[in-house]
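Spelled out from the first residue to the last, the chains are:
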Amino acid sequence: MVKTVRVQRWTANRKREIVLDILKGHKTIVDVAREHDVKQSEIQQWIDTFIAFGTQALKVNPKSAEAVEQKELKRHREKIGELVLQIEVLKKAETILNEEESSFYD
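Nothing here was measured: the structure is a model prediction, and the numbers come from that model.

Each value, and the rule that gives it
- Residues numbered from 1 in each chain as written.
- Predicted model: local features only at pLDDT ≥ 70, side-chain atom pairs only at ≥ 80, totals over all residues.
- Heavy atoms only, no water.
- Helix = DSSP H or I, 4+ residues; strand = E, 2+ residues; numbered from the N terminus.
- Buried < 20%, exposed > 50% of the residue type's maximum accessible area, 1.4 Å probe, protein only.
- Areas by Shrake-Rupley, 256 points an atom, 1.4 Å probe, with all protein chains shown as cover.
- Phe/Tyr/Trp six-rings, centres within 6.5 Å; stacked < 30°, edge-to-face > 60°.
- Lys NZ or Arg CZ within 6 Å of the ring centre and 35° of its normal.
- Core = buried A, V, L, I, M, F, W, Y, C linked by side-chain atoms within 4.5 Å.
- Contact = heavy atoms within 4.5 Å.
- Salt bridge = Lys/Arg side-chain N within 4 Å of Asp/Glu carboxyl O.

Draft legend 1. Quick look at the overall build of the protein chain. Looking only at helices and strands, the protein chain has 4 helices and 0 strands in total. Burial status across the protein chain gives 10% buried among its 106 residues. Summed over all atoms, the accessible surface of the protein chain reaches about 9,600 Å², with 57% contributed by carbon and sulfur.

Below you can see the structure in the form of structure tokens.
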């Protein structure tokens, strides 16, 4: 007899509902782990992540994901600008050195 494996996709909404059921006391981690064939440690990680990000959202000046992303994007663009400038300087220096070398041999 072949055992059918049920594949479940753990979306953020499904995880949230399970975490809320556990936090509200409607279910235990053990019950959820057995019911969904998920490791208890994985469910605990969902809870820890949920609480950590929930705490961030409750701060006086929460950093939204978009704000963090924009800051990171700005930092990357600045670095790209620096690297482009370095490349241009190196190209100019190469041109000058090649001109000096060719005039030396003429």
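Moving on from the model shown.
Draft legend 2. Representation of the packing of aromatic side chains in the model. Counted under the stated rule, the structure contains 1 aromatic pair. Across from the ring centre of W10, 4.2 Å away, lies the NZ or CZ of R14, which sits over that ring.

Draft legend 3. The nonpolar core, seen in detail. Listed in full, the 10 residues of the largest apolar core are I18, V19, I22, I29, V32, A33, V38, I43, W46 and I47. Of all the elements in the fold, those that place two or more residues in this core are α1 (12-23), α2 (29-36) and α3 (40-57). In this view, V32 contacts I18, I22, K27, D37 and I43; residues no more than four positions away in its chain are not counted.

Draft legend 4. Molecular detail of unusual backbone geometry. Even without being glycine, D37 reaches a positive phi, approximately 55°. With respect to the helices and strands, D37 occurs in the loop between α2 and α3.

Draft legend 5. Spatial organisation of the environment of I47. Relative to the elements of secondary structure, I47 occurs in helix α3. Sequence-wise, I47 and L20 are 27 residues apart; in three dimensions their C-alpha atoms are separated by 8.6 Å. Excluding residues within four positions of it along the chain, I47 makes contact with V19, I22, L23 and I29.

Draft legend 6. Fine view of the pattern of salt bridges. Across all of its chains, the model carries 4 salt bridges by this definition. Linking K27 and E35 is a salt bridge whose minimum nitrogen-to-oxygen distance equals 3.3 Å. Taking the shortest distance from any N to any O, the salt bridge between E82 and K79 comes out at 3.8 Å. Taken together, the positions of E82 and K79, both in helix α4 (residues 65-105) and 3 residues apart, correspond to about one turn of that helix. Owing to a relative accessible area of 43%, E82 belongs among the partly exposed residues under this scheme. Its relative accessible area of 45% is what places K79 among the partly exposed residues.

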